[in-house]
Amino acid sequence: MGSQGGFGQSKEFLDLVKSIGEARSKAEEDRIVLHEIETLKRRIAEPDIPKRKMKEYIIRLVYVEMLGHDASFGYIHAVKMTHDDSLSLKRTGYLAVTLFLNEDHDLIILIVNTIQKDLKSDNYLVVCAALNAVCRLINEETIPAVLPQVVELLGHAKEAVRKKAVMALHRFYQRSPSSVSHLVSHFRKRLCDNDPGVMGATLCPLSDLITIDSSSYKDLVISFVSILKQVAERRLPKSYDYHQMPAPFIQIKLLKILALLGSGDKQASEQMYTVVGDIMRKCDSTSNIGNAVLYECICCVSSILPNPKLLEAAADAISKFLKSDSHNLKYMGIDALGRLIKISPDIAEQHQLAVIDCLEDPDDTLKRKTFELLYKMTKPSNVEVIVDRMIDYMVNINDNHYKTEIASRCVELAEQFAPSNQWFIQTMNKVFEHAGDLVNIKVAHNLMRLIAEGFGEDDDTADSQLRSSAVESYLRIIGEPKLPSAFLQVICWVLGEYGTADGKYSASYITGKLCDVAESHSSDDTVKAYAVAALMKIYAFEIAAGRKVDLLPECQSLIEELSASHSTDLQQRAYELQAVISLDARAVESIMPLDASCEDIEIDKSLSFLNSFVQQSLEKGAQPYIPENERSGVLDVASLRSQDHHEASTHSLRFEAYELPKPVIPSRAPPVSVSHSTELVPVPEPSYPREVRQTASVSPFSETGPSELKLRLDGVQKKWGKPTYSSPAPSTSSSSSQRTVNGVTHSDSTGNPNSKTRNTSHDSKRSQVEISPEKQKLAASLFGGSSKPEKRPSSTGHKVPKTSTNSGAKSHMEKGVVSASEISIEKTTPLQPPPDLLDLGEPSITNIAPFVDPFKQLEGLLDPSQDASAVDHGAISSSKSSDFMSLYADMPTSGENSTVANPLSSNLESFGSAHGGSTVVYPTQTSKGPNLRDALEKDALVRQMGVTPSTQNPNLFRDLLG
């Protein structure tokens, strides 16, 4: 064989397998596999690899993947191998692909065409390989691509192909039942196939269909019985026998199907009796497979309508199981016995000693199965023994999951079959004590309700005895450590309600116990709350009875501690306790009546107790209440609610994607140079007196509240991201198309359409064996009663970014508001709508401001009384007008307030009105220094006379006018 080992593989591969088998640790194995992965990566990447070598590499990749390492680098080579014409290579490729990929892998799409082509192959082995891949890789989306060809293969000449086609259709049904719902008739036809393998494969999809809807397949009962009879009579080929049992797996599947079809159907059940009885007689109980068939016969007998002969045969089979030395057979016998006692409870009495042996068996699995059997056969005569056994077992196990299950079963049995309420309370105490917080909280509530309601009869003496026994038992238990929280809640409630009811225990004794509970469970607020409530009840009952209440020191310290608790609930309870103690007996008796926990609370929804108060108020002249739906001309409450909801929604989280950035359109407006200034003043807009007079009656507050001057960074070079300049964006600080001029709200009819679009989009986003005497006694207690169990009913957004401003800017903003108000008093010029201080948002398209004569605007500023039509040229909107006051921002002023102490001022000196934007300014106090109005008048006068301005802006007009 040269360099090759056995099975046609290279010696290198066999050495790999040998070295991995001889590895002494997982780390050594990982080193070997990682070295193999590096080798395979290098060799697979080589060009012109022989097919025989590639086949071996793929097998080695499978070996690597089976050891838990990643071999995804070779998946594509396995997919390529499925395209090969060689049968050996193709089958290897399909095998590797089915092991490597799952149905949702991205490479599945690459092999669908190959599967379609191979399903049409003349070589049935290729077809079988493709069908194997179909069962593993085809998902719900690709089923329609291969379904017609698979259905066509149901009539293939080779039985192996037909069998795999049935299996593929079954897989399609599991993936997408609707895709093959019209093909159920094909399953019925294949049930009559000449080949037993095809028939056996058809039983699986039919079993799934019958499980969902058995009534539609009742007509197949005769066919199933006939097939089962032929199998039992050994009419199938010898190749189907297993340990001398004729086709046992087909028998088991048929028995499961018959159990489904015969359930509740007398006619169908009668057709099965004969064949089931024959199989039970012919079963070989010396082999495991024979016992498996026998067990399935017992399950079938317990499902169909009972037949005395079959029940007797089943009981005999169960007896053999229980008498066996094998724990597996005992387990089967206990499980089968649990199925039969539903039909005939007397059967368990025949095997009572065997059940006791299983209950004491050291095999924990068998013991648990026996407890399940006892749970099913519980009745009032044996409930005490069974529950006590369950509790003893629960104490000795550490599995919390099964302990929870045992505890719930004990509670259920105690609620249904309790011989007395005292026994029920004692049992619940044991369950709570040993199961702890694993017990459902509803059990605690049911226990409290039972103690409160009593026996449900008019026997008050029996009820008081029940409550007294509960109080005594809880006073004994309360001192034990590590009691569960739910149990402590029950104890506190019972002691608070009935601790002093019989007069056996004093109030100080009970309250002392409750204070001890609260102090020992300081980390459990719920227990402390129950303890305080119980203290309140005891003191209230004492006050109502006319007895003097003396707070114990520990109780007083507890109240003081809880009054300063971080829990508002505990604080409230502590203050309520103090308030109740200070009330008189009559008030306490009315608010906390004795033993009123079971009284129904009636709620007066109409608040009729307020009728007298309302009538007195109306007589004194109060206005009558008008229902909301009858109000007219009154402020709409619904609108206020919607407004509140709208405001709340603006502060909710938002998860929408960001808007796409708008393209930057360079502005062609001539740049305006602004001289450096250390003093910033507000920039006024042209005043239109006519508009002011027309809107003077409007509320002096705009919708967005008082306007604030904010920092505008339009046209400023961004320090983050790419070095670019953003064009000035329209002001978005206002949520409507209104602007404020001297405290008057104006409608902006010439607003920027871009701002309207952004407002619209913003609004649309918001809206989205030897028998011992003990065993004989135990068996008599478990199985002795013949009474039937009489069960009593069980008592059972989008996030809106906030405007962030630093503290320094905020303080200067406050100063700026003062200056702005002074200027607005002095002049009638409106302030520009406030821009966003830190809005570094995306650039937006802005309209280019047309050229306007500055002298015309200056005249409008100097003479506010003139008619607005003389100034308004129809080409300038109020939001786009140039801010000419900034041109004189560097006028020298005197006083200490001449310089703005703003840390941002050094960065704002060069902010110009490029692209038609306004100069960024901050208002300052201008009460000192020269008057701006006088300066404007003086400068206008010298311009009219042709004198060169003597200000610090000598290039102003050349920059503006070119």
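All figures in this text were calculated on a predicted structure; none of them were measured in a lab.

Student: For the overall build of the protein, give the residues involved together with the corresponding values.
Tutor: Check the secondary structure of the protein and you find 42 helices and 4 strands. Carbon and sulfur atoms make up 52% of the accessible area of the protein, which totals about 52,400 Å².

Student: Can you tell me about the side chain of histidine 77, naming the residues and giving the values?
Tutor: As for its position among the elements, histidine 77 is in helix H4 (residues 75-81). Ignoring anything within four residues of it in the chain, the contact list for histidine 77 reads Ile44, Met54 and Ile58.

Student: Describe the pattern of salt bridges, listing the residues and the values that go with them.
Tutor: For side chains of opposite charge, pairing can occur when their charged atoms come near one another. Per the stated rule, a full pass over the model turns up 31 salt bridges. Note that aspartate 84 and lysine 51 form a salt bridge whose closest N and O atoms lie 3.2 Å from each other. Taken together, the residues span a long stretch of sequence, with aspartate 84 in the loop between H4 and helix H5 (87-100) and lysine 51 in helix H3 (residues 51-66) at a distance of 33 residues. Assessed through its relative accessible area of 15%, aspartate 84 is described here as buried. Salt bridges here are not isolated pairs; linked through shared partners, they connect Glu12, Glu36, Arg43, Glu56 and Arg60.

Student: Please provide a residue-by-residue account of the side chain of threonine 114, values included.
Tutor: Mapped onto the elements of the fold, threonine 114 is located in helix H6 (residues 109-119). The exposure class of threonine 114 is buried, given its relative accessible area of 5%. At 2.9 Å, the side chain of threonine 114 forms a polar contact with the side chain of histidine 83. Threonine 114 has contacts with Thr82, His83, Lys90 and Tyr94, leaving out every residue within four places of it along the chain.

Student: Would you mind going over the packing of helix H28 (residues 525-544) against helix H29 (residues 553-563) in detail, with residue names and values included?
Tutor: One way to put it is that H28 packs onto H29 with a least axis distance of 12 Å and a crossing angle of 130 degrees. If you check the angle between H28 and H29, you find them oblique. The handedness of the crossing between H28 and H29 is left-handed. Contacts between H28 and H29 pair Lys528, Val532, Leu535 and Tyr539 from the former with Cys555, Leu558 and Leu562 from the latter. The class makeup of the residues in the contact of H28 with H29 is 6 nonpolar, no polar and 1 charged.

Student: Now, about unusual backbone geometry: what can you tell me, with residues and values included?
Tutor: Despite not being glycine, arginine 234 shows a phi value in the positive range, around 60 degrees. Along the chain, the position of arginine 234 falls in the loop between helix H12 (221-232) and strand E1 (241-242). Arginine 234 gets classed as partly exposed once you look at its relative accessible area, which sits at 46%. A positive phi angle, near 65 degrees, is found at glutamine 244, a position not held by glycine. You can see glutamine 244 is positioned in the loop between E1 and strand E2 (245-246). We classify glutamine 244 as exposed; its relative accessible area is 65%.

Student: Go over helix H24 (residues 441-453) with me, naming the residues and quoting the values.
Tutor: With 13 residues, H24 ought to run about 18 Å at 1.5 Å a step, and its terminal C-alpha atoms sit 19 Å apart, in line with that. Inspection of H24 places Val443, Ala444, Asn446, Leu447, Met448, Leu450, Ile451 and Ala452 among the buried residues, and these make up the whole buried set. At its buried positions, H24 is contacted by helix H22 (400-417), helix H23 (421-435), helix H25 (460-477) and helix H26 (485-498). Its side-chain oxygen 3.0 Å from the backbone nitrogen of lysine 442, asparagine 440 forms the N-cap of H24. Remark: glycine 454 follows H24 within two positions and exhibits a positive phi of approximately 75 degrees.

Student: Requested: an account of the state of the cysteines, with residues and values cited.
Tutor: Under the criterion given, the structure shown has 0 disulfides. Looking at the unpaired cysteine 555, the closest cysteine sulfur is the one in cysteine 515, lying at 4.2 Å. Looking at cysteine 555, the relative accessible area reads 0%, which means it is buried.

Student: Explain the packing of aromatic side chains to me, and be specific about the residues and the numbers.
Tutor: Per the counting criterion, the structure on display carries 9 aromatic pairs. With 4.9 Å between their ring centres and 25 degrees between their planes, tyrosine 75 and phenylalanine 100 make a pair best called stacked. On the criterion of sequence distance, the pair formed by tyrosine 75 in helix H4 and phenylalanine 100 in helix H5 is long-range, its members being 25 residues apart. Here tyrosine 75 and phenylalanine 100 have matching classes, each one buried. Relative to tyrosine 509, the ring of tyrosine 505 has its centre 5.7 Å away and its plane inclined at 15 degrees; by these criteria the two rings are stacked. Put simply, the rings of Phe371, Tyr393 and Tyr402 touch in pairs and so form one group of aromatic residues. Here the guanidinium or amino end of lysine 41 rests over the ring plane of phenylalanine 73, the centre of that ring lying 5.4 Å away. Stacked on the ring of tyrosine 124, the Lys or Arg lysine 158 has its end atom at 4.9 Å from the ring centre.

Student: Which residues make up a nonpolar patch on the surface, and what values go with them?
Tutor: There is a patch of nonpolar side chains on the surface, built from Leu607, Phe609, Leu610, Phe613, Val614 and Leu618 and spanning about 560 Å² of accessible area. Along the chain, the position of leucine 607 falls in the loop between helix H31 (585-591) and helix H32 (611-619). The exposure class assigned to leucine 607 is partly exposed, which follows from its relative accessible area of 41%.

Rules of the game
- Residues numbered from 1 in each chain as written.
- Predicted model: local features only at pLDDT ≥ 70, side-chain atom pairs only at ≥ 80, totals over all residues.
- Heavy atoms only, no water.
- Helix = DSSP H or I, 4+ residues; strand = E, 2+ residues; numbered from the N terminus.
- Areas by Shrake-Rupley, 256 points an atom, 1.4 Å probe, with all protein chains shown as cover.
- Contact = heavy atoms within 4.5 Å.
- Salt bridge = Lys/Arg side-chain N within 4 Å of Asp/Glu carboxyl O.
- Buried < 20%, exposed > 50% of the residue type's maximum accessible area, 1.4 Å probe, protein only.
- Polar contact = N/O pair within 3.5 Å; in protein donor to acceptor, adjacent residues only side chain to side chain.
- Axes fitted to C-alpha atoms, helices over the stretch in contact; angles between N-to-C directions.
- Parallel < 35°, antiparallel > 145°, perpendicular 65-115°, else oblique.
- Left-handed = near helix turned anticlockwise from the far one by under 90°.
- Nonpolar A, V, L, I, M, F, W, Y, C, P; charged D, E, K, R; others polar.
- Expected span 1.5 Å × (residues − 1).
- Disulfide = S-S within 2.5 Å.
- Phe/Tyr/Trp six-rings, centres within 6.5 Å; stacked < 30°, edge-to-face > 60°.
- Lys NZ or Arg CZ within 6 Å of the ring centre and 35° of its normal.
- Patch = residues over 30% accessible without salt bridge, like charges linked within 9 Å, V, L, I, M, F, W, Y side chains within 5 Å.

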